[in-house]
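Commentary on secondary and tertiary structure
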Amino acid sequence: MSEANRGPLGGSRGEILAALRAADEWDLIVVGGGITGAGILREAARCGLRCLLLEQKDFAWGTSSRSSKMVHGGLRYIAQGQLKLTHDSVRERERLLDEAPGLVERSKFTMTHYKGGFPGPLAFSAVMNVYGALAGKRSHRFYSADKLSTQITPGIREEGLKGGTCFHDAIVDDARLVLRVLYEALNNTSAEALNYCRVDSLLKQDGHVSGVNAVDELTGETVALKARVVVNATGVWTDTLRKEVGQSAVVRPLRGSHLVVPAWRLPVAQVCCFMHPVDKRPVFIFPWEGHTVIGTTDLDYPESLDEEPGISEEEITYLLEATNHQFPGAVIAREDVISTWTGVRPVISSGKDVDPSKEKREHAIWDDQGLITVCGGKLTTFRLIALEVMVSIRRYISGADGFSPQAPIFSSSAATQTVSRLKRDSENILRRLEGRFGFAMEHVVADIKDTEWTPVANTDCLWGELRWAVRHEQVVHLDDLLLRRTRIGNLLENGGQGELRRIRAIMQEEAGWDAERWIQEVGRYQALWRKAYSIAS
């Protein structure tokens, strides 16, 4: 495929499939299109390797679009003695804040302290001192109960309140982070990525993994793809490929669910952290995309991993109970909930009968006959995990040692010419676009029609962003567009039902969907949204 024909996520689906068939052998095939797989593809492409990423559903379809949206060091890991994980996380947090403003944004967090409750302010301050030392900066401060309840977190439960400790971490749109990393990888002509292409089985030669059999989910076509190395970065599906090389299961899938409510029903200016009144687990209530999010749960997930998970009645009750205990005047009810999401975390099992919240979140890498598997870890440390994988494949590919551990994740964007297209009072729009599209922002701005600089309903998403996504970001289904390329389905009533007429026009013009295809996609999307992103009546 010529460089002139490539968009930010490669060429058209047909062009990418043709490139797959034509390749004699890839240096590296990455299986899994979440943040870990995207990070590995980015580092491999940086080395000039012929690398391919295959995702069985959509990019970021799994955990990487349904996380708690936090880029953080993980305070609880200090208590668990995982100081290296915390150190790496806070340093990577700072890197992401520096390199991706507008996408990864610093946010204030407040941990509340109550009489007789955990954590106490002194103990928490000691933990924060360690946290600050690991980050290389001190950023916490204690506020009295009076200031906390009147100025910082109005409406908070005042009974027994001793005060709160404020500190800094960061918030992100996780699915857009995946797309931004893929943009960087595919800016190299040696890299390709394809969604809705399922790896059905491994190819083997002389007892060594030598490639994959991939099935295009849209046509049913099977393609045998040879590779010097195959990386299994499939998250909660890790055990599926490892079983083909004789390995036992290692993943303990854990579900985490969230509620989204209108900001006016539960206005918070920063992240409020507190302990659930029943099981004393940490709960977060935080502002995101102009709305308020409540999360999260931490439960075993014994159901099928191939079905999109939805929130349970138990989790709804749990999160509403926590919210109304902490903000007693708000009286948040089921009817206030706009949407929900549930992510399934790929946690490596300790092999013991331990509480889900006490399982460690560190990652592991295995080499099984040339199948390099990586599992576990945090959204925040995806770059470091990718670098470790690159070290693991050196024995198979000499060119894999061409990466630089200190190289930036993201290319800088040239935003100067876009200013003339935007009004002076549109700096937030400029920052948003730069954060989500990086080096491609100039092209995004040039593509947006004059009539599509307006936001979709009461979101920050521009109509022009939807058109760009359909044109350039491998949108196959309506839910790809409304739940991952944008967050319309998470932020608007009934999953954005009221905006479908205008969205239909975009899909007709950019994707060529006829009336029959549109009806099928709307039915598919609405059924999915009711099942996995709403509170069923």
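Small disclaimer: the values here were computed from a predicted structure and weren't measured. (Residues numbered from 1 in each chain as written. Predicted model: local features only at pLDDT ≥ 70, side-chain atom pairs only at ≥ 80, totals over all residues. Heavy atoms only, no water.)

Let's talk about the side chain of Arg66
Rules: Numbered from the N terminus, helices here are DSSP runs of H or I no shorter than four residues, and strands are runs of E no shorter than two. Relative accessibility thresholds used throughout: buried, under 20% of the residue-type maximum; exposed, over 50%; partly exposed, between the two (1.4 Å probe, protein chains only). A residue counts as positive if it is Lys or Arg and as negative if it is Asp or Glu; His and the chain ends are not included. We count a salt bridge whenever a side-chain nitrogen from Lys or Arg sits within 4 Å of a carboxyl oxygen from Asp or Glu. Contact definition: two residues touch when any of their heavy atoms are within 4.5 Å.
Mapped onto the fold, Arg66 is located in the loop between strand 2 (51-54) and strand 3 (70-71). At 4.0 Å, Glu308 is the nearest oppositely charged side chain to Arg66, a buried residue that forms no salt bridge. Among all residues touching Arg66, those that are not within four sequence positions of it are Trp61, Asp174, His258, Glu308, Pro309, Trp341, Thr342, Gly343 and Tyr533.

Some remarks on empty space enclosed by the protein
This is how it is decided: Think of a 1 Å grid over the protein atoms and nothing else: a 1.4 Å probe that fits but is trapped marks a cavity, an open set flanked by protein within 12 Å on at least five of seven lines marks a pocket, and residues with an atom within 4 Å of a point count as lining. Grid points are joined across faces, edges and corners, and a volume is the space filled by probe spheres set on the points. Residues are grouped as follows: nonpolar covers Ala, Val, Leu, Ile, Met, Phe, Trp, Tyr, Cys and Pro; charged covers Asp, Glu, Lys and Arg; every other residue, Gly included, is treated as polar.
Scanning the entire structure with this criterion turns up five cavities of 30 Å³ or more. Its boundaries defined by the atoms lining it, the largest cavity holds a volume of some 80 Å³. Classifying every residue of the lining of the largest cavity gives seven nonpolar, five polar and two charged. By volume, the second largest cavity is sized at about 40 Å³. Lining the second largest cavity are Glu289, Arg432, Thr459, Asp460, Cys461, Arg487, Ile488 and Leu491.

Description of the nonpolar core
The criterion, for reference: Take the buried Ala, Val, Leu, Ile, Met, Phe, Trp, Tyr and Cys residues and link them wherever side-chain atoms come within 4.5 Å; each set so joined is a nonpolar core.
Among the nonpolar cores identified, the biggest contains 64 residues, and Leu28, Ile40, Val104, Leu177, Val231 and Ile393 are the most heavily contacted of them. Per element, the largest residue contribution to this core is nine residues, and it comes from helix 7 (residues 174-186). Grouped together as the second largest cluster of nonpolar side chains are 47 residues, Leu134, Phe167, Ile503 and Tyr533 included.

Here we look at the pairing of strand 18 (residues 371-375)
As a general feature of sheets, a regular strand has side chains that alternate between the two faces. Under the convention used in this document: A pair of strands is treated as paired once DSSP finds two or more bridges between them.
In terms of burial, strand 18 is a largely internal element, five of the five residues being buried. Residue alternation in strand 18 divides its side chains into two sets, Leu371, Thr373 and Cys375 and Ile372 and Val374, and both sets are buried. Bridge count between strand 10 (residues 222-232) and strand 18: three bridges; the pairing is parallel. Paired with Asn232 across the strands is Thr373, a residue of strand 18.

Thoughts on the packing of aromatic side chains
Operational definition: To pair, rings of Phe, Tyr and Trp, with the six-membered ring standing in for Trp, must have centres within 6.5 Å; the planes then decide the type, stacked if under 30 degrees apart, edge-to-face if over 60, and tilted in the middle.
Throughout the structure, instances matching the rule amount to eight aromatic pairs. With centroids separated by 5.9 Å and ring planes inclined at 50°, the aromatic side chains of Phe124 and Phe167 adopt a geometry described as tilted. Pair noted here: Phe124 is in helix 5 (residues 121-135) and Phe167 is in strand 6 (residues 161-172), with a separation of 43 residues, a long-range link. Here Phe124 matches Phe167 in class, with each residue buried. Taking the centre distance of 6.3 Å and the plane angle of 55° together, the rings of Tyr183 and Phe439 count as tilted. Here Phe439 lies in the loop between helix 11 (427-437) and helix 12 (441-447) and Tyr183 lies in helix 7, a separation of 256 residues in the sequence. Accessibility expressed as a relative area gives 1% for Tyr183, which makes it buried. Residue classification places Phe439 among the partly exposed residues on the basis of a relative accessible area of 22%. One aromatic cluster is present, built from ring pairs that chain together Tyr183, Phe437, Phe439 and Trp468.

Digging into the environment of His477
What counts is decided by this rule: Two N or O atoms count as a polar contact when they lie within 3.5 Å, although within protein this holds only if one can serve as hydrogen donor and the other as acceptor, and sequence-adjacent residues are included solely when both atoms are side-chain atoms.
If you trace the backbone, His477 turns up in the loop between helix 13 (463-472) and helix 14 (478-485). If near-sequence neighbours (up to four positions away) are discounted, His477 is found in contact with Tyr196, Trp513, Arg517, Glu521 and Arg524. One polar contact links His477 to Glu521, side chain to side chain, over a distance of 2.8 Å.

A word on the pattern of salt bridges
Opposite charge on two side chains permits them to pair, given that their charged atoms come into close proximity. Summed over all chains, the structure comprises 42 salt bridges. The residue Glu217 makes a salt bridge to Arg198 at a minimum N-O spacing of 3.0 Å. Of this pair, Glu217 sits in the loop between strand 9 (208-216) and strand 10 while Arg198 sits in strand 8 (residues 197-205), and the two are 19 residues apart along the sequence. Of the residues examined, Glu217 reaches a relative accessible area of 37% and is grouped as partly exposed. Residue classification places Arg198 among the partly exposed residues on the basis of a relative accessible area of 26%. Between Arg467 and Glu510 there is a salt bridge, with its nearest N and O atoms 2.9 Å apart. Linking Arg467 in helix 13 with Glu510 in helix 16 (residues 500-511), this pair joins segments that are 43 residues apart in sequence. Owing to a relative accessible area of 24%, Glu510 belongs among the partly exposed residues under this scheme. The network of salt bridges with common partners includes Asp447, Lys449, Glu452, Arg467, Arg471, Glu509 and Glu510.

Description of unusual backbone geometry
The linkage connecting Phe118 with the following residue, Pro119, adopts the cis geometry, with an omega of 0°. Following Gly295, the chain continues into Thr296 via a peptide bond in cis, with omega recorded as 0°. Note that Thr296 resides in the loop between strand 14 (291-295) and strand 15 (299-300).

Some points on the packing of helix 7 against helix 11
A pair of packed helices is characterised by two quantities: the angle between their axes and the separation of those axes. Let me state the cut-off plainly: Here an axis means a line fitted to C-alpha atoms, over the contact stretch when the element is a helix, while the angle between two N-to-C directions is reported on a 0 to 180 degree scale.
Close contact between helix 7 and helix 11 brings their axes to 7 Å; oriented N to C, the two are set at 65°. The segment helix 7 lies against helix 11, with Arg176, Arg180 and Tyr183 engaging Glu434, Gly435, Arg436 and Phe437. Across the contact of helix 7 with helix 11, the residue classes break down as two nonpolar, one polar and four charged.

Topic: the layout of surface pockets
Here the second largest pocket defines a volume of roughly 530 Å³. Considering the residues around the second largest pocket, the lining is formed by 22 residues, among which Gly102, Glu105, Glu289, Arg436 and Asp460 are closest to the centre. Among the elements of the structure, strand 4 (104-114), strand 6, strand 13 (282-288) and helix 11 are those that each provide at least two residues to the lining of the second largest pocket. For the lining of the second largest pocket, the element with the most residues is helix 11, which contributes five residues. Here the residues of the lining of the second largest pocket are counted per class, giving nine nonpolar, five polar and eight charged.

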